[in-house]
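Structure at a glance
So the chains spell out like this:
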Amino acid sequence: MMVPSAYDATLAQKQAIVAASQDMRRQRQTMIEHLAPKAGEAILEVGCGNGDLTREIANLIGPNGTMVAVDPSSAMIEQASSAAPPARCIEASAVELPFEDNAFDAVIAAQVYCFVPDLKTAVAEAMRVLTPGGRLVILDSDWRSMRWTTGSEAAFARADRIVRAHYAHSDVPEQLPHLLADQGFGNIEQTVFTIENHRSDPDTYSASINDSVETALETVSKYPEYLLSEWQAARAEIIAAGKFHFRLDRIITKAVKT
Ligand SMILES: C[S@@+](CC[C@H](N)C(=O)[O-])C[C@H]1O[C@@H](n2cnc3c(N)ncnc32)[C@H](O)[C@@H]1O
């Protein structure tokens with residue numbers, strides 16, 4: 001059974017904006033360093049979104065390589081197909097990968113598993129489609145590490161709750177080593193990738209998180225209307241004081257199918 005994605009056309013557009021930010025460009029570069037793709041390899045990206053990482057990996061494995069990307073969102077697959085023309089982009093979920101066993105040299109997923117309720121099946125599927133010796137590279141946020149100077153601890157606490165409510169899991173990096181070991185993965189390693197923004201700028205990751213918070217405060221009826229103005233006022237105050245600061249740790253987990 002396919003798990004539908006919440007990424008409709010509107011969210012797909014917003015995702016394209018954040019994917020172009022300096023933080024996400026640096027994140028893709030770091031992930032590629034960890035993946036170390038080689039010419040001619042067969043690589044699967046799970047939850048490819050707009051296809052920016054897909055395109056960069058496809059270019060590195062070259063014309064003799066096989067780049068495949070899946071995402072359950074049709075809007076995302078449409079964008080990825082035009083962003084990464086050498087890749088085969090398919091509508092599918094992490095928990096039901098439409099591929100033969102042992103089909104890929106590497107599987108990569110960036111900020112995807114937090115959306116997948118059944119993490120155990122997602123990890124088992126990655127294991128199944130990897131060839132023996134194949135590499136798995138997963139980046140996910142430790143949402144509990146998020147710190148945001150807003151001028152109001154109460155406003156921050158609400159923003160934190162709103163952000164976390166968006167995800168099936170806020171602690172994927174903590175769960176992964178155990179899930180991976182249970183599936184028989186070896187050489188499990190974790191590295192921290194920190195996003196730190198010292199200014200409020202549309203070219204940063206925190207701008208997109210702020211947009212999610214403001215959209216939730218504006219559109220979800222459980223938040224009273226005044227909360228949006230309170231949040232915006234707290235942010236404006238801290239920005240005017242030159243004290244804006246946002247920090248989030250993302251963890252890159254690597255493992256090998258032994
Ligand atoms: C935050 S975006 C990240 C996109 C891309 N990996 C990147 O780094 O720009 C999350 C993506 O996960 C996808 N997603 C959600 N549930 C999924 C599932 N069960 N299997 C695979 N992808 C999923 C969404 O459709 C969306 O494209």
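Below is a summary of the structure that appears in this document. (Residues numbered from 1 in each chain as written. Predicted model: local features only at pLDDT ≥ 70, side-chain atom pairs only at ≥ 80, totals over all residues.)

1. Some points on the packing of helix α1 (residues 9-19) against helix α4 (residues 74-83)
- Two elements in contact, α1 and α4, have axes whose closest approach is 8 Å; the angle formed by their N-to-C orientations is 45 degrees. Between α1 and α4, the angle is such that the two are oblique. Between α1 and α4 lies a crossing whose hand is right-handed. Contacts between α1 and α4 involve A9, A12 and A16 on the former and, on the latter, A75, M76 and Q79.
- Across the contact of α1 with α4, the residue classes break down as 5 nonpolar, 1 polar and no charged. (Axes fitted to C-alpha atoms, helices over the stretch in contact; angles between N-to-C directions. Helix = DSSP H or I, 4+ residues; strand = E, 2+ residues; numbered from the N terminus. Parallel < 35°, antiparallel > 145°, perpendicular 65-115°, else oblique. Left-handed = near helix turned anticlockwise from the far one by under 90°. Contact = placed C-beta atoms within 7 Å. Nonpolar A, V, L, I, M, F, W, Y, C, P; charged D, E, K, R; others polar.)

2. Points about the packing of helix α6 (residues 153-165) against helix α8 (residues 205-219)
- The N-to-C vectors of α6 and α8 enclose an angle of 95 degrees; their axes lie 10 Å apart at closest approach. Considering the angle they form, α6 stands roughly perpendicular to α8. For the pair formed by α6 and α8, the contact residues are A159, I162 and V163 on the first element and I209, S212, V213 and A216 on the second.
- The residue makeup of the contact of α6 with α8, split by class, is 6 nonpolar, 1 polar and no charged.

3. Topic: the environment of A216
- Following the sequence through the fold, A216 ends up in helix α8.
- It is 29 Å that separates the C-alpha atoms of A216 and A83, two residues lying 133 residues apart in sequence.
- Contacts of A216, omitting those with residues within four sequence positions, involve I162 and Y223.

4. Some remarks on α4
- Among the residues making up α4, those that are buried are M76, I77, Q79, A80 and A83. Projected down its long axis, α4 carries its buried residues within an arc of 165 degrees, all on one side.
- Tucked into the core, α4 has its buried residues touching α1, α3 (52-61), β2 (66-71) and β3 (88-91). (Buried ≥ 20, exposed ≤ 12 C-beta atoms within 10 Å, placed from the backbone. Arc of directions from axis to C-beta.)

5. Some thoughts on unusual backbone geometry
- Even without glycine at this site, A36 takes up a positive phi of about 45 degrees.
- Relative to the elements of secondary structure, A36 occurs in the loop between α2 (22-35) and β1 (42-46).
- Judged by local crowding, A36 falls into the exposed class, with 11 C-beta atoms found within 10 Å.
- Notably, N102 is not glycine yet its phi reads approximately 60 degrees, a positive angle.
- For N102, the position within the fold is in the loop between β3 and β4 (104-110).

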